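Remarks on the overall topology
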Amino acid sequence: MARRPDEEYDYLFKIVLIGDSGVGKSNLLSRFTRNEFCLESKSTIGVEFATRTLQVEGRTVKAQIWDTAGQERYRAITSAYYRGALGAILVYDVTKPTTFENVSRWLKELRDHADSNIVIMLIGNKTDLKHLRAVATEDAQGFAEKEGLSFIETSALEATNVEKAFQTILSEIYRIISKKSLSSDDPAPTSIKEGKTLVVGPQETNTKKTCCSTS
Amino acid sequence: MMYGSSGTQSKRDLAYEHQAQISILRPSIRARRANMTVKFQDLYGFVVEGNVDDVNVLNEVREKARQQGRVWWALEANKGANWYLATHASSVLKSSLKFSALVNAVTLKRLIKKGIPLNLRPKVWFSLSGAAKKKSTVPDSYYNDLISAVVDKDTAATKQIDHDLPRTFPGHPWLDTPEGHAALRRVLVAYSFRDSDVGYCQGLNYVAALLLLVMKTEEDAFWMLAVLLENVLFNDCYTNNLSGCHVDQRVFRDILTKKCPRIAAHLEALEFDVSLVCTEWFICLFSKSLPSETTLRVWDILFYEGANVLFNVALAIFKMNEEELLMAHQVGDVINIIQRTTHRLFDPDELLMVAFDKIGLMTTTTLSKQRKKQEPAVMAELDQRLRRLNSVNVDEQE
């Protein structure tokens, strides 16, 4: 998955991963950006992120995925984490009901910190642990519909639906961005509140490595 | 990229680990070319990635540590074992007329900046940090009583601890064994009961793990953790809303603006907030960011001089990367630059030289004053946040 350092892209989309500690945020990140799964990954403190450039609706999109600590006491420290995010992936563990019960608290957190237009996707992770499942698909589906979120179940370990999940949220972000730039007549970057994140055109000239090699 | 194999290393005795030579694990000839990445083991048994230059730097670091060992032994021969105890701040004040104590204090401060030898670290840290004193105020059986009293308890803290054990320095030849996990668990669980305001905060797992590696015994590691959280660091860094950590970020933001105005202005223009990198530094005390010996050299100073060193080092990391940071176009670039360089700071002297010689003095008293100034704003902010979240709650329950 080596990428050229001078890669060019049309859009840079920042997406944040949130959810309780241990639901598999870091492994969703590594599965999507590096196609890796690590049973022994370090618990995340502070911020990690990785990027992957891919085609979304015919455009080259650089997806920048951010990951952070899940323990409750860290929630208030992460306002800078949400800044400029166009998408949020809210993860729970299908084998741990409390992580699903906490989803509504995470939504509140998002509404408090993030842009009101942020695209939110709910992910039930760890579907590979079939015998341990404790959250029914229908329950999560119903919740997602009620809250207006897209929803998918994944297994970062077996690489099930991870690609689809990210493609879905990226497409959704793209549709919103392109609709906005059409309706407002503004060029896309300025139509987004945090213009810094949505970089249009080949801007990246000096980064030798993506964070794939540093996180 | 060529990688050496890391899985073949046998689980070695911890004590032996400390003496271990840095060995590149099955290096390939081709890996010797510049910029090839190899995996190798550092002084404390961590497998790290770097190029051949990094291996050479670590070899120099080990040699310097040996030289420092000889200096310390010579001093002990000359001044007597435990000579450094007669220099403790309070005893210097009490015996300020005693010139020798003052000389010792100056010598000690200088020596500690150059690094405490690996084999003396447990003893010197335990005395100078105040852990020995703390331990002496309770019965000898305190730690053992505590761990047996809490052995079957199941709390939110123990759940989180159990979850983090295998995720604490995975792959380390001792920490990542059943024995290592059990020791780390006892230390963290015991502390979570000792201080229920802190309980367990993610990040302490890394701190306690390194303490275990250095101190060698669990009980001493426990007391080091206690003195660290209760005396050495500023208050409330790990409590349930991390308010102390919020305060530290604000103080650091101001210091960066004052000491590195160009960097601060550029980062502000990018809408980069220092909390994106500093949270990990201040919570894990650099243990998750810097190579192990570099971290421990920072801790040498931390346990003797106090928490101001954390600010000096954080500032140094920004300053060392000034040129590159000024060229960054986005927040992501900044995080990349900082994380990439911290992971490869194998030479502690390079970092500490910038931290102390190029930044100037920041005393713990000055920092305490600045922290006091920021506290009300942080409290108000946290309070407002809670209120906002609760009001969303009420709206939803209509």
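Not measured: the values here are computed from a predicted model.

**Examining the overall build of chain A**
Within chain A, the secondary structure is distributed over seven helices and six strands. Listing each helix as α and each strand as β along chain A from the N terminus yields β-α-β-β-α-β-α-α-β-α-β-α-α. Per-residue burial for chain A yields a buried fraction of 61% across its 215 residues. The contacts in chain A between residues at least 6 apart in sequence include a share of 75% that link residues at least 24 apart. If you sum the accessible surface of chain A, you get close to 8,800 Å²; carbon and sulfur atoms cover 48% of it.

**Focus on the overall build of chain B**
Helix and strand content of chain B: 20 helices and two strands. In chain B, which comprises 398 residues, the proportion classed as buried is 55%. Surface accessibility of chain B: about 17,400 Å² in total, with carbon and sulfur atoms responsible for 53%.

**Some thoughts on the packing of aromatic side chains**
Applying the stated rule across the entire model yields 28 aromatic pairs over all chains. On the basis of an interplanar angle of 40° and a centroid distance of 5.8 Å, the ring pair of Phe252 of chain B and Phe318 of chain B is categorised as tilted. Residue Phe252 of chain B is located in helix 12 (residues 243–259), and its partner Phe318 of chain B is located in helix 16 (residues 308–320); the two are separated by 66 residues in the primary sequence. Comparing Phe252 of chain B with Phe318 of chain B shows no difference in burial state: the two are buried. Here the aromatic cluster, defined as three or more aromatic residues joined through ring pairs, consists of Phe234, Phe252, Trp281, Phe282, Phe286, Phe311 and Phe318 of chain B. The ring of Trp106 of chain A has Arg75 of chain A sitting right over it, with the charged end atom 4.1 Å from the ring centre.

**Section: the nonpolar core**
The biggest cluster of nonpolar side chains holds 186 residues, and the ones touching the most others in it are Leu122 of chain A together with Trp299 and Phe318 of chain B. The biggest single contributor to this core is helix 10 (residues 204–215) of chain B, with eleven residues. Look past the residues within four positions of Trp299 of chain B in its chain and what remains in contact with it is Trp125, Val207, Leu210, Leu211, Cys284, Leu285 and Ser287 of chain B. In terms of nonpolar packing, the next biggest core, distinct from the first, is built from six residues, Phe40, Val48, Val55 and Leu58 of chain B among them.

**A word on empty space enclosed by the protein**
Per the stated rule, a full pass over the model turns up eight cavities of 30 Å³ or more. Val47 and Glu48 of chain A together with Leu276, Val277, Glu280, Trp281, Ser289, Ile338, Gln339, Thr342 and His343 of chain B are the residues that line the second largest cavity. Within the residue set of the lining of the second largest cavity, elements represented by two or more residues are strand 2 (47–56) of chain A together with helix 14 (275–284) and helix 18 (331–343) of chain B. Tallied by class, the residues present in the lining of the second largest cavity amount to five nonpolar, four polar and two charged.

**Let's talk about the pattern of salt bridges**
This model, assessed by the stated rule, comprises 35 salt bridges over all chains. Linking Arg75 of chain A and Asp20 of chain A is a salt bridge whose minimum nitrogen-to-oxygen distance equals 3.4 Å. Within this pair, whereas Arg75 of chain A is found in the loop between strand 3 (59–68) and helix 2 (79–82), its partner Asp20 of chain A is found in the loop between strand 1 (11–18) and helix 1 (25–34), the two being separated by 55 residues in sequence. Residues Arg75 of chain A and Asp20 of chain A agree in their burial class; the two are buried. The shortest N-O distance in the salt bridge between Lys288 of chain B and Glu48 of chain A comes to 3.2 Å. On the criterion of chain membership, the pair formed by Lys288 of chain B in the loop between helix 14 and helix 15 (292–305) and Glu48 of chain A in strand 2 is interchain, its members lying in two chains.

**Quick look at the pairing of strand 2 of chain A**
All names here are of chain A. Among the ten residues that make up strand 2, nine are buried, leaving the element largely enclosed by the rest of the structure. Here strand 2 pairs with strand 3 via ten bridges, running antiparallel. Directly across from Leu54, in strand 3, lies its bridge partner Val61. In sequence, strand 2 turns back onto strand 3 through a hairpin of two residues, with Glu57 there showing a positive phi of about 50°.

**Some remarks on the packing of helix 15 of chain B against helix 19 (residues 348–357) of chain B**
All names here are of chain B. The interhelical angle for the contact between helix 15 and helix 19, taken along N-to-C directions, is 40°, at an axis separation of 9 Å. Here helix 15 lies oblique to helix 19, going by the angle between them. At the point where helix 15 passes helix 19, the crossing takes the right-handed sense. Where helix 15 abuts helix 19, its residues Glu293, Thr294, Arg297, Val298 and Ile301 lie against Pro348, Asp349, Leu351, Leu352 and Phe356. By residue class, the composition of the contact of helix 15 with helix 19 is six nonpolar, one polar and three charged.

**Considerations on the layout of surface pockets**
Taken as a whole, the second largest pocket encloses approximately 1,100 Å³ of empty space. Gln71, Glu72, Arg73, Arg75 and Asn102 of chain A are the residues nearest the centre of the second largest pocket, which is lined by 34 residues in total. Where the lining of the second largest pocket is concerned, the elements lending two or more residues are helix 3 (97–101) and helix 4 (103–113) of chain A together with helix 8 (156–164) and helix 20 (364–396) of chain B. Classifying every residue of the lining of the second largest pocket by side-chain character gives nine nonpolar, 14 polar and eleven charged.

**Describing the interface of chain A and chain B**
Contacts between chain A and chain B engage 43 residues on the former and 53 residues on the latter. Counting each side, the surface lost to burial between chain A and chain B is near 4,100 Å², with a carbon and sulfur contribution of 51%. Contact with chain B buries surface across chain A, with Arg73, Ile77 and Lys108 of chain A losing the most and accounting together for 18% of the total. There are three salt bridges connecting chain A and chain B. Mapped by element, the contributors of at least two residues to the side of chain A that touches chain B are strand 2, strand 3, helix 2 and helix 4 of chain A. Ranked by residues supplied to the side of chain A that touches chain B, first place goes to helix 4 of chain A with five residues. Grouping the constituent residues of the side of chain A that touches chain B by class yields 14 nonpolar, 15 polar and 14 charged.

**A closer look at the UniProt feature "domain: Rab-GAP TBC" (unreviewed entry) in chain B**
Under the present numbering, the feature "domain: Rab-GAP TBC" (unreviewed entry) in UniProt falls on residues 115–306 of chain B. End C-alpha to end C-alpha, residues 115–306 of chain B measures 15 Å, and it is 65% helix and 0% strand.

**Examining the sheet that holds strand 2 of chain A**
Residues and elements named next belong to chain A. Across the sheet, six strands lie side by side as 2-3-1-4-5-6; this open sheet has mixed pairing. The sheet terminates laterally at strand 2 and strand 6 (150–153), the two strands that pair on one side only. Each neighbouring strand pair of the sheet contributes to a mean axis angle of 25°, computed without reference to strand direction. When strand 1 meets strand 3, the two strands line up parallel, connected through six bridges. Paired with Ile15 across the bridge in strand 3 is Ile65. Here helix 5 (residues 137–147) sits on the sheet in contact with strand 4 (87–93), strand 5 (119–125) and strand 6, set at roughly 160° to strand 6.

**A few points about helix 18 of chain B**
Side chains of residues three or four places apart in an α-helix project in the same direction, reflecting 3.6 residues per turn. All names here are of chain B. Counted at 1.5 Å a residue, the expected span for helix 18 with its 13 residues is 18 Å, and the 19 Å between its end C-alpha atoms agrees. By the criterion of burial, helix 18 is predominantly enclosed, with ten of the 13 residues buried. For helix 18, the complete set of buried residues consists of Val331, Gly332, Asp333, Val334, Ile335, Asn336, Ile337, Ile338, Gln339 and Thr342.

Reading the values: rules and limits
Residues numbered from 1 in each chain as written. Chains lettered and ligands numbered in written order. Predicted model: local features only at pLDDT ≥ 70, side-chain atom pairs only at ≥ 80, totals over all residues. Heavy atoms only, no water. Helix = DSSP H or I, 4+ residues; strand = E, 2+ residues; numbered from the N terminus. Buried < 20%, exposed > 50% of the residue type's maximum accessible area, 1.4 Å probe, protein only. Contact = heavy atoms within 4.5 Å. Areas by Shrake-Rupley, 256 points an atom, 1.4 Å probe, with all protein chains shown as cover. Phe/Tyr/Trp six-rings, centres within 6.5 Å; stacked < 30°, edge-to-face > 60°. Lys NZ or Arg CZ within 6 Å of the ring centre and 35° of its normal. Core = buried A, V, L, I, M, F, W, Y, C linked by side-chain atoms within 4.5 Å. 1 Å grid on protein atoms, 1.4 Å probe; cavity = no way out; pocket = protein on both sides within 12 Å on 5 of 7 lines; lining within 4 Å. Points joined across faces, edges and corners; volume = space filled by probe spheres on them. Nonpolar A, V, L, I, M, F, W, Y, C, P; charged D, E, K, R; others polar. Salt bridge = Lys/Arg side-chain N within 4 Å of Asp/Glu carboxyl O. Pairing = 2+ DSSP bridges. Axes fitted to C-alpha atoms, helices over the stretch in contact; angles between N-to-C directions. Parallel < 35°, antiparallel > 145°, perpendicular 65-115°, else oblique. Left-handed = near helix turned anticlockwise from the far one by under 90°. Buried area = accessible area lost by both parts, 1.4 Å probe. UniProt positions renumbered as here; feature names shortened; annotations may be inferred. Expected span 1.5 Å × (residues − 1).

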